[in-house]
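# Residue-level structure breakdown
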Amino acid sequence: MEFKRVARSGQVPEGIVRRFYADDYEFAVSRLDGKAYATSNYCSHLDCLLSSGKLVQDGIGCSCHGSAFDLETGEPICPPATEPIKTYPCEERDGEIFVGIDPAEPPEGPRRRRMRSA
């Protein structure tokens, strides 16, 4: 597991979801109850961007069709999505947010699929 710096801590205020990149990986990074979380940036329902959504209940909500996912497990907590999203370990050190990636696992989402087909 490699931890990649994705943002300064101040770029992700409480209750906000933002899009960040590390290499070919794309994340939705959010903060809930003071803790930073990182998930795939794509909803498992129809690949909408989760970073354009907002935090709902204890999860990340998709702005397209209302699906929501648990920030810890990625499991859907509100339909129409039925498949989980990928979650990533997230650490804050010295005012910066780092996301753990496994270099053996390919990045997820439409961005990566387009890169492969080119």
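Quick caveat: nothing in here was measured; it's all calculated off a predicted structure.

### Some details on the pairing of strand S3 (residues 25-32)
Of all the 8 residues making up S3, 8 are buried; the element is thus mostly covered by neighbouring parts of the structure. Judged by which residues are buried, S3 turns out to be covered on both faces: Tyr-25, Phe-27, Val-29 and Arg-31 on one side and Glu-26, Ala-28, Ser-30 and Leu-32 on the other are all buried. As paired elements, strand S2 (residues 17-22) and S3 share 6 bridges and run antiparallel to each other. Within the sheet, the bridge partner assigned to Ala-22 lies in S3 and is Tyr-25. The hairpin turn running from S2 into S3, its antiparallel successor, is 2 residues long, and Asp-23 in that turn takes a positive phi close to 55°. The sheet contact formed by S3 and strand S4 (residues 35-40) spans 6 bridges and is antiparallel. Paired with Val-29 across the two strands is Ala-38, which belongs to S4.

### Overview of the environment of Leu-71
Along the polypeptide, Leu-71 turns up in the loop between strand S7 (68-70) and strand S8 (76-78). Take Leu-71: its relative accessible area is 3%, and that puts it in the buried class. As a C-alpha pair, Leu-71 and Pro-107 span 36 residues in sequence and 18 Å in three-dimensional space. When near neighbours in sequence (up to four residues on either side) are disregarded, Leu-71 contacts Ser-30, Leu-32, Tyr-37, Thr-39, Leu-55, Asp-58, Gly-59, Ile-60 and Thr-87.

### Digging into the UniProt feature "domain: Rieske" (unreviewed entry) in the protein chain
Those residues carrying the UniProt feature "domain: Rieske" (unreviewed entry) are residues 3-99 in this numbering. Between the end C-alpha atoms of residues 3-99 the distance is 5 Å, and the span holds 0% helix and 48% strand.

### Things to note about the sheet that holds strand S11 (residues 96-101)
In spatial order, the strands read S1-S11-S10; together these 3 strands make up an open sheet with antiparallel pairing. Each edge of the open sheet is held by one strand with a lone partner, namely strand S1 (2-8) and strand S10 (90-93). When the angles between neighbouring strand axes are averaged without regard to direction, this sheet yields 35°.

Calculation notes
- Residues numbered from 1 in each chain as written.
- Predicted model: local features only at pLDDT ≥ 70, side-chain atom pairs only at ≥ 80, totals over all residues.
- Heavy atoms only, no water.
- Buried < 20%, exposed > 50% of the residue type's maximum accessible area, 1.4 Å probe, protein only.
- Helix = DSSP H or I, 4+ residues; strand = E, 2+ residues; numbered from the N terminus.
- Pairing = 2+ DSSP bridges.
- Contact = heavy atoms within 4.5 Å.
- UniProt positions renumbered as here; feature names shortened; annotations may be inferred.
- Axes fitted to C-alpha atoms, helices over the stretch in contact; angles between N-to-C directions.

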